[in-house]
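A closer look at the structure
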Amino acid sequence: MSDIHSDTPRPDASSTDLGPTLSGQERPDPAGVGRSTRRRVVGASFIGNFVEWFDYAVYGYLAVTIAAVFFPDTDRQTALLATFGLFAVSFLVRPLGGFFWGHIGDKIGRRTALSWSILIMSLATFCIALLPSYNTIGIWAPLLLLLLRVVQGFSASGEYAGASAFLVEYAPANRRGLYAAVVPASTASGLLLGSLIAAVLTGVLDTGQMESWGWRLPFLLAAPMGLIGRYIRTKLEDTPAFQELAAEDEVIKAPIRDLFVNYWRPLLIATGAVLLNAVGFYVILSYMPTYLSEEIGLSQTKSYIATTVALATYIGFILLTGLASDRFGRKKVLISASVLFVLFTVPAFMLLDTTSFAVILLVQIVLGAMLTLNDGTLPSFLAELFPTKNRYSGFAVSFNLSNALFGGTAPFVATLLIQQTGSKLAPGFYLMAAAVISLIAVAAARETSRDALRHR
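Quick look at the structure, then. It should be emphasised that the depicted structure is a prediction, and the values quoted were computed from it without experimental measurement.

This brings us to the packing of aromatic side chains. What the rule picks out here adds up to 14 aromatic pairs. Both rings, one in phenylalanine 395 and one in phenylalanine 399, keep their centres 5.9 Å apart while their planes meet at 55 degrees; by these two values the pair is tilted. Taken together, the positions of phenylalanine 395 and phenylalanine 399, both in helix 20 (residues 391-407) and four residues apart, correspond to about one turn of that helix. Residue phenylalanine 395 shares its accessibility class with phenylalanine 399, and that shared class is buried. By way of ring pairs, the aromatic residues Phe70, Trp215 and Phe219 are connected into one cluster. A cation sits over an aromatic face here: lysine 302 above phenylalanine 357, 5.8 Å from the ring centre.

Structural data, given as structure tokens:
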């Protein structure tokens, strides 16, 4: 991580082996960016994304309790399907959010989009903590929950893409993978805190206390954390790449239209490449505690502990993956991730159905490590596929479209597949299919790690 804090200006790609000779449409690395600026950029991106995804993940980790609070007394699997159904529906708004935040980020600026997205997310999450239960207001309880989940989805759709573009545009060319890996590392850190809090709450509170007031506590943290994140972001300048674009009066009025007309091929590649991330992230890091407790029979506390340990190792692995993608290239690392998931996902799920907690823990760590090969490389890969003028839009649309169709629905589909097939291995086969599609998409892409960032 020492390279992130380097003060030494990096030479541009025309004078190094990092990329081809610069054309008139390409730009060298950001010059004159000092150590303190880069440190603040990394810190602001980490903290803001951390807050957003802690807010978003708490719902998934407390799904069993939320099902009991917001839905009528039915069998547990039906209630879980309803809870994950709301989780999935909130994702349907994410492509719309991707269009909106992409337009704002490419036309007005990355900082503006990121500052507002975190504020909206935190407010919606805080309001969830104040909702009455189904027993209090009936059908209005899940309807209000759905409304706030939609607001969360709309907000989150601008976060991951914006933070990735922000870091890539500040990074030296030979460290863009490492810089961008900060985004999934911060996402996992938000999940880690959510998992820790869920483990503590389920460990010290009984079922009645959890359903009465315990589940509300992590949602209440959203307001102060969100205000801190927004404050830090408003103190940063926009990226050198966007400022240069604005200074040259080359900011386009309709970045989304330009994206679909002139960059439809990289958009298709990006959407396919995201599929493994979309399904894998929500199955392995969000749905897994529910799977272990409801399908395998592990206690809720042990399920959260296993996921917490896996998340902690995931964070370390993901930064190493960012470095590896800088060294070996984005395509090689992304293809390796897909191949590993095709070969080992189903055997891993077979091993989860064991009485040994140590084996379950080891399997989760291995699955998380495999996922980092995709997750740690994807942000830089997606950002590099598009030019500065529609980088935010291209990333946001492809990432959120794939997540809306396959990521947010992953817990619901996994639960439904188990119910329909009677097989606990069904989520593993679903994850394998996602890996195959991502493999095809990445294979069709060009290597981007050695190229200078295109201006237009």
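An ideal rise of 1.5 Å per residue puts 24 Å on 17 residues; helix 7 (residues 140-156) measures up with 24 Å between its terminal C-alpha atoms. Within helix 7, burial applies to Ala141, Pro142, Leu145, Leu148, Arg149, Gln152, Gly153, Phe154, Ser155 and Ala156.

Bringing the side chain of lysine 389 into the picture now. Looking at the element boundaries, lysine 389 is found in the loop between helix 19 (378-385) and helix 20. For lysine 389, a relative accessible area of 13% translates into the label buried. Within the structure, lysine 389 has its side chain in polar contact with the side chain of aspartate 258 (distance 3.3 Å).

Looking at soluble globular proteins, one finds that nonpolar side chains tend to be buried together. In this structure, Leu62, Phe70, Tyr291, Leu292, Phe341, Phe381 and Leu382 are the most contacted members of the largest nonpolar core, which totals 124 residues. By residue number, the principal contributor to this core is helix 15 (residues 264-296), which donates 19 residues. When residues no more than four places from it in sequence are discounted, the contact partners of leucine 62 are Ala198, Met210, Trp215, Pro218, Phe219 and Tyr304.

Turning our eyes to something else, we now look at the environment of threonine 112. Here threonine 112 lies in helix 5 (residues 110-128). Here threonine 112 falls in the partly exposed class, since its relative accessible area comes to 29%. Separated by 11 residues in sequence, threonine 112 and tryptophan 101 have C-alpha atoms that sit 9.4 Å apart.

What counts, and at which threshold
- In every chain, residue numbers begin from 1 and rise along the written sequence.
- Restriction of local features to residues with pLDDT of at least 70 applies here, the model being predicted, together with a cutoff of 80 or more for giving and counting side-chain atom pairs; totals for whole chains, interfaces and linings are based on all residues.
- For the side-chain quantities, the full set of heavy atoms in the structure was used; hydrogens and water were omitted.
- A pair of aromatic rings is counted whenever rings of Phe, Tyr or Trp (Trp by its six-membered ring) have centres within 6.5 Å, and the orientation is called stacked for planes under 30 degrees apart, edge-to-face for over 60 and tilted otherwise.
- What counts as a helix is a DSSP run of H or I of at least four residues, what counts as a strand is a run of E of at least two, and both are numbered from the N terminus.
- Residue exposure (1.4 Å probe, protein chains only): buried if accessible area is under 20% of the type maximum, exposed if over 50%, otherwise partly exposed.
- Charge over a ring is defined by NZ of Lys or CZ of Arg lying within 6 Å of the ring centre and within 35 degrees of the ring normal.
- The span you would expect from a helix comes to 1.5 Å times its residue count less one.
- Pairs of N or O atoms within 3.5 Å make up the polar contacts considered here, provided that, within protein, one atom can donate a hydrogen while the other can accept it, and that residues adjacent in sequence are counted only when both atoms are side-chain atoms.
- For the purposes of this section, nonpolar cores are sets of buried Ala, Val, Leu, Ile, Met, Phe, Trp, Tyr and Cys residues that join through side-chain atoms within 4.5 Å.
- Two residues form a contact once any of their heavy atoms are found within 4.5 Å.

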